[in-house]
Amino acid sequence: MLFMIGSACFVLGSVPAYLDAVGAHADAWTYVVGAVFFTSASFCQLLQAQTPAMTSADQLSQHRRTPVRWWAWLPHDRGWMAAATQFPGTLCFNVSTIAALATYTSTQAENQHVWRPDVFGSTLFLISSWYALRALPGLISWLNMIGSILFGISAIGAFVLPSGSAVDDVAAVGGTLLGAACFLAGAALMLPAWSRAVRQSPPEGEPT
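The structure displayed is predicted, hence computed values, not measured ones.

Criteria and cut-off values
Counting of residues starts from 1 at the beginning of each chain's written sequence and follows it residue by residue. In keeping with the predicted nature of the model, local features appear solely for residues at pLDDT of at least 70, side-chain atom pairs appear and are counted solely at 80 or more, and the whole-chain, interface and lining totals rest on all residues. Heavy atoms from the whole structure form the basis of all side-chain values; hydrogens and water molecules are not counted. A helix here means a DSSP run of H or I that spans at least four residues, while a strand means a run of E at least two residues long, and both kinds are numbered starting from the N terminus. The globule rule used for comparison is 2.2 Å times the number of residues to the exponent 0.38, while the radius of gyration itself is calculated over C-alpha atoms. Whether a residue is buried, partly exposed or exposed follows from its accessible area with a 1.4 Å probe, protein chains only, as a fraction of its type maximum: under 20%, in between, or over 50%, in that order. In protein, a polar contact requires one atom able to donate a hydrogen and another able to accept it; more generally it is a pair of N or O atoms within 3.5 Å, and residues adjacent in sequence count only if both atoms are side-chain atoms. The contact criterion used throughout is that any non-hydrogen atoms of two residues lie within 4.5 Å. Axis angles are defined between N-to-C directions and span 0 to 180 degrees, where every axis is a line fitted to C-alpha atoms and, for a helix, only to the segment in contact. Each angle receives one of four descriptions, namely roughly parallel if under 35 degrees, roughly antiparallel if over 145, roughly perpendicular if within 65 to 115, and oblique otherwise. Crossings are assigned a handedness: left-handed for a near helix turned anticlockwise from the far helix by less than a right angle, right-handed for a clockwise turn. In this classification, Asp, Glu, Lys and Arg are treated as charged, Ala, Val, Leu, Ile, Met, Phe, Trp, Tyr, Cys and Pro as nonpolar, and every other residue, Gly included, as polar. Cysteine sulfurs are considered disulfide-paired once they come within 2.5 Å of each other. Any helix carries an expected span of 1.5 Å times its number of residues minus one. Each Phe, Tyr or Trp ring (for Trp, its six-membered ring) is paired with any other whose centre lies within 6.5 Å, and the angle between the two planes then decides the class: stacked below 30 degrees, edge-to-face above 60, tilted in between.

(A) The overall build of the chain, seen in detail. The secondary structure content of the chain amounts to 7 helices and 0 strands. Written out in order from the N terminus, the α and β elements of the chain read α-α-α-α-α-α-α. Against the 2.2 N^0.38 benchmark of 17 Å for 208 residues, the chain shows a C-alpha radius of gyration of 19 Å, consistent with a compact globule. Overall size of the chain, expressed as C-alpha extent along the three principal axes, is 65 × 35 × 25 Å.

(B) Just the side chain of S128, in detail. Within the fold, S128 resides in helix 5 (residues 107-135). Overall, S128 belongs to the buried group, its relative accessible area being 6%. From its side chain, S128 meets the backbone oxygen of A82 in a polar contact 2.6 Å long. Sequence-distant contacts of S128, that is, excluding residues within four places in its chain, are made with A82, T85 and Q86.

(C) Quick look at the side chain of S141. Checked against the element boundaries, S141 lands in helix 6 (residues 139-157). Among all residues touching S141, those that are not within four sequence positions of it are A132, L133 and L136.

(D) Main features of the packing of helix 6 against helix 7 (residues 169-200). The N-to-C vectors of helix 6 and helix 7 enclose an angle of 160°; their axes lie 7 Å apart at closest approach. The orientation of helix 6 relative to helix 7 falls into the category roughly antiparallel. Seen along the crossing, helix 6 lies across helix 7 with a hand that is left-handed. Along the lines of polarity and charge, the residues of the contact of helix 6 with helix 7 split into 17 nonpolar, 9 polar and no charged.

(E) Examining the state of the cysteines more closely. Under the counting rule described, the total for this entry stands at 0 disulfides. Of the cysteine sulfurs around C44, a residue in no disulfide, the closest is that of C9, at 16 Å. Accessibility expressed as a relative area gives 42% for C44, which makes it partly exposed. The cysteine C92 is free of any disulfide, with C44 supplying the nearest cysteine sulfur at 19 Å.

(F) Structural context of helix 7. For helix 7, which comprises 32 residues, the first-to-last C-alpha distance of 46 Å matches the rise-based estimate of 46 Å (1.5 Å per residue) to within 8%. Looking at helix 7, one finds that the buried residues are A171, A172, G175, T176, G179, A180, C182, F183, G186, A187, A193 and V198. Turning to helix 7, the residues buried within the fold contact helix 1 (2-14), helix 3 (24-49), helix 5 and helix 6. The residue sitting at the N-terminus of helix 7 and contributing the capping side-chain oxygen is D168; that oxygen lies 3.0 Å from the backbone nitrogen of V170.

(G) Region of interest: the packing of aromatic side chains. With the rule as written, the count across this model stands at 16 aromatic pairs. Taken together, a centroid distance of 5.7 Å and an interplanar angle of 90° make the contact between F93 and F151 edge-to-face. Here F93, found in helix 4 (residues 78-99), pairs with F151, found in helix 6; they are 58 residues apart in sequence, far enough to count as distant. Like F93, the residue F151 is buried in the burial classification. Centre to centre, the rings of W115 and F159 are 4.8 Å apart; their planes meet at 75°, and the pair counts as edge-to-face. One end of the pair, W115, is in helix 5; the other, F159, is in the loop between helix 6 and helix 7, and 44 residues separate them in sequence. What links up through ring pairs into an aromatic cluster is the set F3, F10, Y31, F38, F93, F125, F151 and F183.

Here it is as structure tokens:
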């Protein structure tokens, strides 16, 4: 749900009609809010990935309280690597969206404070999506990979030239809009996917 809300904020912020209706400042804050939800969701996903009882639940154990594993180092676990690389990527988006609220006197400063964290975040999202595909290939993983690629295209298009204009405004806005839509769809599909996985898992103590 957190991923869905964050993605929806990025989709909304990328709609030109919304920008025209609320203004640039409110639009920028929409991205800030979306990034916070992204980071909250990613942190929860990281905790889930490193807490075995939260990833192998059945219909009974899914409602049972379990100690959270707050720290782990699992470089050979692709699912954990996907979550561990995604989380710092979301932090980069926090930096870039907050930095976008400021006014800059030069294109170099804007690229340094806004564009660079955006690129770092998009790169980490690509790496995370690659690990996710290796861990569990399927529609959800592919949607996240396509979303990450589109975010990368958006970051490239958002680079500010010395003239003060972006490399490609269509790529910058469209990449964010479509990429966030992919993340939204992938997050929404996680709900039925989790329900199916829980129903198909045998109760604790029964043979698999």
